[in-house]
Every structure is written in structure tokens, then in C-alpha cells.
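Structural features, examined
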Amino acid sequence: MTLALLQRRALLLQAAAAGGLGAGAAAAAPASASAPTPPPGRPGDFDFLTGEWRIHNRRPKAEGGFDEFPGEATVIRLLDGAASIEELRIPAKGFSGLGLRFFDPKAQLWRDIWMNAKHGIAEGPGMPGHFIDGAGIFEADDKDGETPIKVRGIWDQITPRSCRWRQGVSRDGGRTWTFNWWMDWVRA
């Protein structure tokens, strides 16, 4: 695998990113003591995301503080809830992309695939995930150069009018996570 999963959306803002991420730019968060056994997924798990959204993005800067910028998205439910397509637009950064989430009934899990409009190529087979206790947790093994890492995307704080997505990386096998992107979604 390449670093594509880790930089799922971060790479997509290359032209706009000021300085990138420095070591320790985001606080490390400990992982839970033991991960619960994921329940089987089901079509409709992503129904909460259907509709029009305004998004507040926040990413750590290498020199400290955060780069904050607005975005917007349109999400469509397809295949009786077994798929969800997101068109993400970030005009302030001159960026757009597409997220495809689909339910794999055989594995009973979801896969989250990302595509940058500038490249037009889907990034990998998709990050697998489940919804556990009201949060969608998507995780995959990856590499940063030759160093094995884990990457994680989490959908949480889900209400009828809002939700949050955040991205993290673990360099210690999942014991701790450093989050490097937060997106707070509010219905338009």
C-alpha cells in the first residue's frame, strides 16, 4: 500500500496546505483498552449523511495552530442504503473530490473509497469499517515509506443536523492515535 490512505484528503489540498504537518502537530489520543467486537454492518448505516452540508475543516499547521477553512458536500443515498456517494467541495482551496461508501454484505462491513477530482483515480480498495456504539470506525494498515502504520477515519457525534469526521494515524500498532484532520458537518 502507499501513503494514500493516510493522506486521504490531506494530499488533495497540496496546493493550499501551508507547510504541512510537523511532528507533534496534533495531540495523540490513546486507543481504547480493548476494541469491542464489531456488530455486523447493514445497508442504511450511512443514511445519516444523505443531504446537503456545510463543513468546518480544521488541520494542524507545522508551526502550530490550525488551518481552518469552509467546505460543503452533497451526499446521495443509493441502492436502498447499500451505497452512499459524497461530492466534497472546498472552494477556498480550489478542491473537489468524491467519496464512495458501499456495504459489502458478504463481509458485513463498509468500505470507504476516496477520489480526487484532479487525479480521477480511486485510491485503493477502500478503507473497511463498522459502526460501533453510534460511531463509524474505518481502519487500515498502511506504510509511511517503509514504516508500518495504521490509519483511521471516524464518523461520530452523529445527530439529525450534524456529525463529525476525523482522521488519525498510529505509529505504534494502534495503541495511540494522532489526529490530523477534523471536519464538523452541519446540515445546509
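Just so you know, these numbers come straight off a predicted model, no measurement behind them.

When helices and strands are tallied, the chain shows zero helices and 11 strands. Along the chain direction, N to C, the helices and strands of the chain fall in the order β-β-β-β-β-β-β-β-β-β-β. Counting only residues that meet the buried cut, the chain has 44% of its 188 residues in that class. In the chain, once contacts between residues fewer than 6 apart in sequence are set aside, the share between residues at least 24 apart is 48%.

It is worth spelling out the packing of aromatic side chains at this point. All chains considered together, the criterion is met by 15 aromatic pairs. Measuring from centroid to centroid gives 6.2 Å for Phe 69 and Trp 181, while their planes differ by 75°, and the two rings are edge-to-face. Taken together, the positions of Phe 69 in strand E3 (residues 66-78) and Trp 181 in strand E11 (residues 176-187) put the pair 112 residues apart, joining distant regions of the chain. Among the residues examined, Phe 69 registers a relative accessible area of 4% and is labelled buried. Residue classification places Trp 181 among the buried positions, given a relative accessible area of 0%. Consider the rings of Phe 131 and Phe 138, whose centres lie 6.4 Å apart with planes at 90°: the pair is edge-to-face. The exposure class assigned to Phe 131 is buried, which follows from its relative accessible area of 14%. For Phe 138, a relative accessible area of 2% translates into the label buried. Through a chain of ring-to-ring contacts, the aromatic side chains of Phe 46, Phe 48, Trp 53, Phe 103, Trp 110, Phe 131, Phe 138, Trp 155 and Trp 185 assemble into a single cluster. If you follow Lys 93 out to its NZ or CZ, it ends over the ring of Phe 69, 4.7 Å from the centre. Here the basic side chain of Arg 166 rests over the ring of Phe 179, its NZ or CZ set 4.7 Å away from the ring centre.

This brings us to the pairing of E3. Alignment of strand E2 (residues 51-60) against E3, held across 10 bridges, turns out to be antiparallel. Residue pairing in the sheet places Gly 51 in a bridge with Val 75 of E3. Between E2 and E3, which pair antiparallel one after the other, the connecting turn spans five residues, and Gly 64 there sits at a positive phi close to 105°. Hairpin connection, E3 to strand E4 (residues 83-90): the antiparallel pair is bridged by four residues, and Leu 79 has positive phi, about 55°.

Before going further, it helps to spend a moment on the pattern of salt bridges. Applying the stated criterion across every chain, the model contains 14 salt bridges. The partner of Arg 152 in a salt bridge is Glu 139, and the shortest N-O contact between them spans 2.6 Å. Residue Arg 152 is located in strand E9 (residues 147-156), and its partner Glu 139 is located in strand E8 (residues 135-144); the two are separated by 13 residues in the primary sequence. A salt bridge links Arg 164 to Asp 156; the shortest N-O distance between them is 2.7 Å. Grouping residues by exposure puts Arg 164 and Asp 156 together as buried. Salt bridges sharing partners connect three or more residues here, namely Glu 52, Glu 72, Glu 87 and Arg 89.

Okay, the nonpolar core next. Counting residues in hydrophobic clusters, the biggest one holds 28 residues, and the most contacted among them are Phe 46, Leu 49, Trp 53, Leu 88, Trp 155 and Trp 185. With residues up to four places along the chain from it excluded, the contact list for Trp 185 reads Leu 49, Trp 53, Arg 54, Ile 55, Ala 73, Val 75, Glu 86, Trp 155, Arg 161, Ser 162, Cys 163 and Trp 165.

Quick look at the environment of Lys 143 now. Its location among the elements puts Lys 143 in strand E8. Judged by its relative accessible area of 35%, Lys 143 is partly exposed. With 28 residues separating them along the chain, Lys 143 and Arg 171 place their C-alpha atoms 9.6 Å apart.

Cut-offs used in this document
Residues numbered from 1 in each chain as written. Predicted model: local features only at pLDDT ≥ 70, side-chain atom pairs only at ≥ 80, totals over all residues. Heavy atoms only, no water. Helix = DSSP H or I, 4+ residues; strand = E, 2+ residues; numbered from the N terminus. Buried < 20%, exposed > 50% of the residue type's maximum accessible area, 1.4 Å probe, protein only. Contact = heavy atoms within 4.5 Å. Phe/Tyr/Trp six-rings, centres within 6.5 Å; stacked < 30°, edge-to-face > 60°. Lys NZ or Arg CZ within 6 Å of the ring centre and 35° of its normal. Pairing = 2+ DSSP bridges. Salt bridge = Lys/Arg side-chain N within 4 Å of Asp/Glu carboxyl O. Core = buried A, V, L, I, M, F, W, Y, C linked by side-chain atoms within 4.5 Å.

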